[in-house]
Amino acid sequence: MRTLAELIMKGRSQAVLVAVVAAMLPFLYWISAAAVCLVTLRRGVTDGSQLLLWALLPAGAWALAGDPTAVIVIAGSYVLAALLRRSMSWVQVLIGVIPVGIVASFGLELGLGSMLDQVLELVSQQESGAVPQLQALASYDLKVLIIGAVTAFHAAVMLASLALARWWQACLFNPGGFGQEFRSIRLKPVFTLVLVTAVVLLPNIGAEMVRWMPLLMLPLIVAGMALIHGIVAKRELAKGWLTGFYVSLALFGPYVLTLLVISVAIDSLIDLRSRIPAKN
């Protein structure tokens with residue numbers, strides 16, 4: 001991956017080549033997004049926007065074919081990279097990913113509308129014996145849940161592409177810098193309170209509001225991961241602790257996420273990392 005970063009930084013034509021080819025190939029749009037982010041972080045938003053236009057050419061072709069994923073991820077990643085370059089704060093990026101994700105959600109709903117309708121039609125056929133009113137309600141709730149999950153996934157890929165670009169930048173120009181940045185992420189108490197309150201209350205407001213819960217959980221999850229990495233690094237624990245954390249997250253998702261959110265809320269108030277002693 002470092003070789004790819006060196007190629008992107010070698011010159012404009014090389015960066016265009018990587019961004020265009022990656023956006024053209026299936027499932028490699030995240031590399032194109034990371035290339036746009038790297039150029040934006042290192043050379044500025046003007047050079048980044050020029051590379052963005054090149055990357056959007058094949059991505060736009062995918063969108064016309066019915067898949068807006070590449071366009072949304074590449075464009076959203078560029079916005080987050082510009083925000084990170086201006087603010088030099090991952091907390092600001094985690095705040096900014098929410099409005100970016102909201103815009104992306106409506107774009108996905110528009111671009112993937114026909115595919116979602118096909119999925120819901122299959123579900124309706126499976127539930128053909130149900131009461132019509134309940135069947136319609138179930139289909140509507142399912143559509144909301146699917147859109148919410150897809151939105152959060154796209155926002156997560158944007159953050160991952162930006163993180164990859166920042167890691168590339170650190171490898172080339174500031175070894176070890178990305179790890180220090182990531183481990184120091186700590187949300188502000190007000191932002192944490194707003195997120196936790198929204199996640200708790202939104203399901204009680206209406207079914208439509210449920211679609212935003214996964215997106216609102218994303219900053220809390222990232223901050224929780226940063227907290228775990230920070231504690232492991234400060235205590236100089238074995239990498240197996242991180243492996244155990246991610247395995248437990250995969251196996252016991254809801255329970256681990258609940259503990260993670262609680263830990264993030266506490267950390268935003270008292271800064272847990274500063275209170276945990278370093279290894280002697």
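A brief structural summary. (Residues numbered from 1 in each chain as written. Predicted model: local features only at pLDDT ≥ 70, side-chain atom pairs only at ≥ 80, totals over all residues. Heavy atoms only, no water.)

Let us look at the packing of aromatic side chains. Applying the stated rule across the entire model yields four aromatic pairs. The interplanar angle of 70° and the centroid separation of 6.3 Å between the aromatic rings of W90 and F178 together place this pair among those described as edge-to-face. Remark: F178 occurs in helix α9 (residues 177-183) and W90 occurs in helix α6 (residues 90-111); sequence separation between them is 88 residues. Relative accessible area serves as the criterion here: at 11%, W90 is assigned to the buried category. Judged by centre distance (6.2 Å) and plane angle (20°), the rings of F178 and F182 are stacked. With F178 and F182 both in helix α9 and four residues apart, this pair spans about one turn of that helix. By relative accessible area, which is 17% here, F182 ends up buried. An aromatic cluster is defined as three or more aromatic residues linked by ring pairs; in this entry it consists of W90, F178 and F182. The ring centre of F173 lies 3.6 Å from the NZ or CZ of R42, which sits over that ring. (Phe/Tyr/Trp six-rings, centres within 6.5 Å; stacked < 30°, edge-to-face > 60°. Helix = DSSP H or I, 4+ residues; strand = E, 2+ residues; numbered from the N terminus. Buried < 20%, exposed > 50% of the residue type's maximum accessible area, 1.4 Å probe, protein only. Lys NZ or Arg CZ within 6 Å of the ring centre and 35° of its normal.)

Its place among the elements puts V36 in helix α3 (residues 29-43). Along the chain, V36 and L112 lie 76 residues apart, while their C-alpha atoms are 24 Å from each other. With sequence-adjacent residues up to four places away left out, V36 is seen in contact with G48, L51, L52, A55, I74 and Y78. (Contact = heavy atoms within 4.5 Å.)

Moving on: unusual backbone geometry. Non-glycine residue E236 carries a positive phi angle of around 55°. The topology assignment puts E236 in the loop between α11 (213-234) and α12 (240-251). Classification of E236 as exposed rests on a relative accessible area of 53%. Its identity as a non-glycine residue notwithstanding, D271 has a phi of 55°, on the positive side. Among the structural elements, D271 can be located in the loop between α13 (253-270) and α14 (272-275). Judged by its relative accessible area of 23%, D271 falls in the partly exposed class.

Our focus in this paragraph is helix α1 (residues 2-10). Every buried residue of α1 is listed here: A5, I8 and M9. When α1 is viewed along its axis, its buried side chains cluster within an angular range of 95° and face the same direction. The exposed residues of α1 that point more than 90 degrees off its buried face are T3 and K10. (Arc of directions from axis to C-beta.)

Moving on, we come to the packing of α6 against α11. If you want to describe how two helices pack, look at the angle between their axes and the distance between the axes. One way to put it is that α6 packs onto α11 with a least axis distance of 9 Å and a crossing angle of 155°. The angle between α6 and α11 places the two elements in the roughly antiparallel class. For the element pair α6 and α11, the recorded crossing hand is right-handed. Counting all contacts with α6, which are made through L94, V97, I98, G101 and I102, the residues of α11 involved are L215, L216, P219 and V222. Grouping the amino acids of the contact of α6 with α11 by side-chain chemistry returns eight nonpolar, one polar and no charged. (Axes fitted to C-alpha atoms, helices over the stretch in contact; angles between N-to-C directions. Parallel < 35°, antiparallel > 145°, perpendicular 65-115°, else oblique. Left-handed = near helix turned anticlockwise from the far one by under 90°. Nonpolar A, V, L, I, M, F, W, Y, C, P; charged D, E, K, R; others polar.)

Counting residues in each nonpolar core, the largest one holds 71 residues, and the members touching the most others are I8, I74, L80, L159, L162 and L187. If one sorts the elements of this core by residue count, α3 sits on top with ten residues. With near-sequence residues (within four places) excluded, I74 lies in contact with A23, Y29, S32, A33, V36, L52, A55, L56 and A59. (Core = buried A, V, L, I, M, F, W, Y, C linked by side-chain atoms within 4.5 Å.)

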